[in-house]
Amino acid sequence: MNYCTHCGTSLRTGIPEGDDRPRHICDSCGTIHYQNPKLIAGCIPVWQDRILLCKRAIEPRLGYWTLPAGFMELGETLPDAARREAREEANIEVELDSVYTIFSLPHISQVYVFFRAHMLEERYSAGSETLEARLFREDEIPWTEISFETVYRSLRLFFADRKQGSYAFRLETIAPDQRRMRGG
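Since this is a predicted model, take the numbers as computed values, not measurements.

## Notes on helix α2 (residues 149-164)
The end-to-end C-alpha separation of α2 is 23 Å, in line with the 22 Å expected for 16 residues at 1.5 Å each. Those residues of α2 that sit buried are Glu149, Thr150, Val151, Tyr152, Arg153, Ser154, Leu155, Leu157, Phe158, Phe159 and Asp161. Looking at the buried side of α2, the elements it contacts are β4 (38-47), β5 (50-56), β6 (65-66), β8 (94-105), β9 (110-119) and β11 (170-173). Two residues or fewer after α2 comes glycine 165, characterised by a positive phi angle close to 85 degrees.

## Things to note about the state of the cysteines
Under the criterion given, the structure shown has zero disulfides. In this model cysteine 43 remains outside any disulfide bridge; the closest cysteine sulfur is found in cysteine 54, 8.8 Å from its own.

## Section: the side chain of histidine 33
Assignment of secondary structure puts histidine 33 in strand β3 (residues 32-33). Excluding its chain neighbours within four sequence positions, the residues that come into contact with histidine 33 are Met1, Cys4, Thr5, His6, Leu11, Arg23 and His24.

## Observations concerning the pattern of salt bridges
Scanning the model with the defined rule gives 16 salt bridges in all. Measuring nitrogen to oxygen at the nearest pair gives 3.2 Å for the salt bridge that ties lysine 163 to glutamate 138. With lysine 163 in helix α2 and glutamate 138 in the loop between β10 (130-136) and α2, this pair connects stretches of sequence that are 25 residues apart. Looking at lysine 163, the relative accessible area reads 64%, which means it is exposed. In this structure glutamate 138 comes out as partly exposed when scored by relative accessible area, which is 23%. Close ionic contact of arginine 170 with aspartate 161 constitutes a salt bridge, the shortest N to O distance being 2.7 Å.

## Things to note about the layout of surface pockets
Within this model, the largest pocket holds a volume of roughly 420 Å³. As for the largest pocket, its lining consists of 24 residues, and the residues nearest its centre are Arg56, Ala69, Gly70, Phe71 and Phe148. Contributing elements (two or more residues each) for the lining of the largest pocket: β5, β7 (69-71), α1 (78-90), β9 and α2. Top contributing element to the lining of the largest pocket by residue count: α1, with four residues. One number sums up the size of the second largest pocket: a volume of about 260 Å³.

## A word on the environment of histidine 118
Note that histidine 118 resides in strand β9. Exposure remark for histidine 118: the relative accessible area of 39% places this residue in the partly exposed category. Polar contacts involving the side chain of histidine 118 include one to the side chain of aspartate 97, which spans 2.8 Å.

## Some points on the packing of aromatic side chains
For the coordinates displayed, the defined rule picks out eight aromatic pairs. When the ring of tyrosine 100 is compared with that of tyrosine 167, the centres are 6.1 Å apart and the planes differ by 75 degrees; the resulting orientation is edge-to-face. On the criterion of sequence distance, the pair formed by tyrosine 100 in strand β8 and tyrosine 167 in the loop between α2 and β11 is long-range, its members being 67 residues apart. The ring of tyrosine 167 carries the charged tip of arginine 116 above its face, separated from the ring centre by 4.2 Å. When the ring centre of tryptophan 143 is taken as origin, the NZ or CZ atom of arginine 156, which lies over that ring, is 3.7 Å away.

## Here we look at the nonpolar core
Membership of the largest hydrophobic core comes to 25 residues, with the highest contact counts inside it found for Ile51, Leu53, Leu67, Ile146 and Leu155. Listed by contribution, the elements that provide at least two residues to this core are β4, β5, β8, β9 and α2. The dominant element in this core, judged by the number of residues it contributes, is α2, at six residues. Filtering out sequence-adjacent residues up to four positions away, leucine 53 remains in contact with Trp65, Thr66, Leu67, Glu132, Ala133, Arg134, Phe136, Ile141, Pro142, Ile146 and Leu155. Formed by 20 residues, the second largest nonpolar core is a distinct cluster that contains Ala82, Ile92, Phe115 and Met119.

Cut-offs used in this document
Residues numbered from 1 in each chain as written. Predicted model: local features only at pLDDT ≥ 70, side-chain atom pairs only at ≥ 80, totals over all residues. Heavy atoms only, no water. Helix = DSSP H or I, 4+ residues; strand = E, 2+ residues; numbered from the N terminus. Expected span 1.5 Å × (residues − 1). Buried < 20%, exposed > 50% of the residue type's maximum accessible area, 1.4 Å probe, protein only. Contact = heavy atoms within 4.5 Å. Disulfide = S-S within 2.5 Å. Salt bridge = Lys/Arg side-chain N within 4 Å of Asp/Glu carboxyl O. 1 Å grid on protein atoms, 1.4 Å probe; cavity = no way out; pocket = protein on both sides within 12 Å on 5 of 7 lines; lining within 4 Å. Points joined across faces, edges and corners; volume = space filled by probe spheres on them. Polar contact = N/O pair within 3.5 Å; in protein donor to acceptor, adjacent residues only side chain to side chain. Phe/Tyr/Trp six-rings, centres within 6.5 Å; stacked < 30°, edge-to-face > 60°. Lys NZ or Arg CZ within 6 Å of the ring centre and 35° of its normal. Core = buried A, V, L, I, M, F, W, Y, C linked by side-chain atoms within 4.5 Å.

Keep in mind that these numbers describe shape and distance, not what the molecule does.
Here it is, written out as structure tokens:
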């Protein structure tokens, strides 16, 4: 960040009084610009014994399979964002169950939140950021073509929990050296 979004003056980087980390500071109007992690909201959409996945039509990980998820917008709740992403990426309506996984990725300043969800009907199609949408049984999932570690882990946990008959909430941190592949 080079210029203040409030007054347009050049910024400096420094540690404000009472703070513990560098921030962008405007000496002209006194604004301290805080940068915070991005929230990604999504869901694990289920229809009977299958999970809906979307093949990405955009980078990063173009052509890889993912769960419907994306950046939360201002003014949205987490559930609203997860439902919107399901509509945008797969043209589906879902009923959300509980929050299932939360993954912190501090090395890229992102937090992923996935809900368990049930599709309201077996109707779906590729959205504008999706090449293909498809329902998969566990044995059909293209595990080597999953886009992000957060998606891979959520799916593995989901299938393990489903076999046990109960779903446990998971809160994890993923460091760069813990990732099975590139990306979140």
